[in-house]
Amino acid sequence: MIEIIAISGSLRAASTNSALISALAANAPDNCRIEIYDGIGRLPIFNPDDEGERTPPEAARLIEMITQADGVIVSCPEYAHGVPGGIKNALDWLVSRDAAVGKPAMLVHASTRSFYARAALAEVMRTMSFAIYEERALEIALLGKRPAEMEAILAEPASRQAMREAVQTFVGFIRGR
Ligand SMILES: Cc1cc2nc3c(=O)[nH]c(=O)nc-3n(C[C@H](O)[C@H](O)[C@H](O)COP(=O)(O)O)c2cc1C
């Protein structure tokens with residue numbers, strides 16, 4: 001069984017990125033379990049002085065989850081042409097340790113825009129030595145949709161097939177490493 005941690009970069013209650021992450025988890029293929037990490041809003045702002053024995057509990061939980069996982073999936077909005085602070089902060093807690101090194105990661109997209117954030121997030125994660133799966137990015141256009149509309153789009157057979165295929169090929173990438 002492949003264990004994947006999925007993280008949404010948005011804290012918004014009606015977040016399109018969180019909806020995509022939830023749908024990916026619900027549609028995961030049989031050989032894979034997707035667990036959602038929803039603690040980015042509880043993480044203190046990263047401070048290198050608070051590493052080691054002083055690591056805050058929520059940061060320690062994130063670090064442990066990423067360390068144990070076979071892979072990571074991130075879906076993230078773009079704010080002012082950048083990566084939202086919450087997800088960057090979460091990643092900063094992982095930098096000076098082994099959790100991210102060689103860890104397979106896939107970015108998925110709930111917006112058809114956000115090209116600056118996509119590039120910046122990939123650059124940050126590559127720099128942290130994540131092994132980024134870049135062959136086929138999953139993109140499901142949810143930008144501006146209300147929860148009921150998102151639910152309908154994500155329940156469409158084409159969306160479910162795209163999500164299953166994306167995760168299945170990511171699982172293949174993980175197994176091939
Ligand atoms: C403060 C703010 C800044 C934004 N800046 C951009 C931007 O620079 N480029 C872009 O494509 N979208 C931008 N957006 C739109 C968000 O990326 C878009 O609404 C996204 O789908 C929100 O994700 P969520 O539904 O998961 O919260 C911005 C939204 C907010 C709230």
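Residues numbered from 1 in each chain as written. Predicted model: local features only at pLDDT ≥ 70, side-chain atom pairs only at ≥ 80, totals over all residues. Heavy atoms only, no water.

Caption draft 1: Here's a closer look at the nonpolar core. Formed by 29 residues in total, the largest nonpolar core has its most connected members in Leu 94, Met 125 and Phe 130. Listed by contribution, the elements that provide at least two residues to this core are strand E1 (2-8), helix H2 (57-68), strand E3 (71-75), helix H3 (85-92), strand E4 (104-109) and helix H4 (115-127). In terms of residue count, the dominant contributor to this core is H2 (five residues). Once you skip the residues sitting within four places of it in the chain, Phe 130 turns out to touch Val 72, Leu 91, Leu 94, Ala 100, Lys 103, Ala 105 and Met 125. Counting residues in hydrophobic clusters, the runner-up holds 27 residues, among them Ile 2, Met 106, Tyr 133 and Met 150. (Core = buried A, V, L, I, M, F, W, Y, C linked by side-chain atoms within 4.5 Å. Buried < 20%, exposed > 50% of the residue type's maximum accessible area, 1.4 Å probe, protein only. Helix = DSSP H or I, 4+ residues; strand = E, 2+ residues; numbered from the N terminus. Contact = heavy atoms within 4.5 Å.)

Caption draft 2: Summary view of the layout of surface pockets. The volume enclosed by the largest pocket comes to roughly 280 Å³. Taken together, 13 residues make up the lining of the largest pocket; nearest its centre are Asn 17, Pro 77, Glu 78, Ser 111 and Leu 143. For the lining of the largest pocket, the class distribution of residues is three nonpolar, seven polar and three charged. (1 Å grid on protein atoms, 1.4 Å probe; cavity = no way out; pocket = protein on both sides within 12 Å on 5 of 7 lines; lining within 4 Å. Points joined across faces, edges and corners; volume = space filled by probe spheres on them. Nonpolar A, V, L, I, M, F, W, Y, C, P; charged D, E, K, R; others polar.)

Caption draft 3: Just the packing of helix H5 (residues 147-155) against helix H6 (residues 157-175), in detail. Two numbers describe how H5 lies on H6: the axes approach to 5 Å, and their chain directions differ by 70°. By the angle between their directions, the pair H5 and H6 is classed as roughly perpendicular. Of H6, the residues touching H5 (which contributes Ile 153, Leu 154 and Ala 155) are Pro 157, Ser 159, Arg 160 and Met 163. In terms of residue class, the contact of H5 with H6 is made up of five nonpolar, one polar and one charged. (Axes fitted to C-alpha atoms, helices over the stretch in contact; angles between N-to-C directions. Parallel < 35°, antiparallel > 145°, perpendicular 65-115°, else oblique.)

Caption draft 4: Spotlight on H5. Those residues of H5 not exposed but buried are Met 150, Ile 153 and Leu 154. The buried residues of H5 all sit within an arc of 95° when viewed along its axis, so they share a single face. Opposite the buried face of H5, by more than 90 degrees, sit the exposed residues Ala 148 and Glu 151. Where H5 is buried, its residues touch helix H1 (16-26) and H6. (Arc of directions from axis to C-beta.)

Caption draft 5: Representation of the packing of aromatic side chains in the model. Taken as a whole and judged by the stated rule, the model has four aromatic pairs. Between Tyr 133 and Phe 170, the aromatic rings sit 6.2 Å apart at their centres with planes inclined by 45°, giving tilted as the arrangement. Here Phe 170 lies in helix H6 and Tyr 133 lies in strand E5 (residues 131-139), a separation of 37 residues in the sequence. Residue Tyr 133 is classed as buried on the basis of its relative accessible area of 11%. (Phe/Tyr/Trp six-rings, centres within 6.5 Å; stacked < 30°, edge-to-face > 60°.)

Caption draft 6: Geometry of the pairing of E3. With five of its five residues buried, E3 lies for the most part within the structure. Residues of E3 alternate between two faces, with Gly 71, Ile 73 and Ser 75 on one and Val 72 and Val 74 on the opposite face, all of them buried. In this structure, E1 lies alongside E3, joined through five bridges in parallel fashion. Counted as the bridge partner of Ser 8 is Ser 75 from E3. In the sheet, E3 pairs with E4 via four bridges, with the strands oriented parallel. Considered in E4, the bridge of Val 72 is made with Ala 105. (Pairing = 2+ DSSP bridges.)

Caption draft 7: Region of interest: the site of the ligand. Taken together, 13 residues form the shell around the ligand, and within it Ser 10, Arg 12, Ser 15, Thr 16 and Glu 78 come nearest. Within the side chain of Asn 17, an N or O atom sits 2.7 Å from an oxygen atom of the ligand. Separating a nitrogen atom of the ligand from a side-chain N or O atom of Glu 78 is a distance of 2.7 Å. Taking a 2 Å distance to the grid points as the criterion, the majority of the atoms of the ligand fall inside the largest pocket. For the shell around the ligand, the residue count by class is four nonpolar, six polar and three charged. (Near = heavy atom within 4 Å. Polar contact = N/O pair within 3.5 Å; in protein donor to acceptor, adjacent residues only side chain to side chain. Sits in = over half its atoms within 2 Å of the grid points.)

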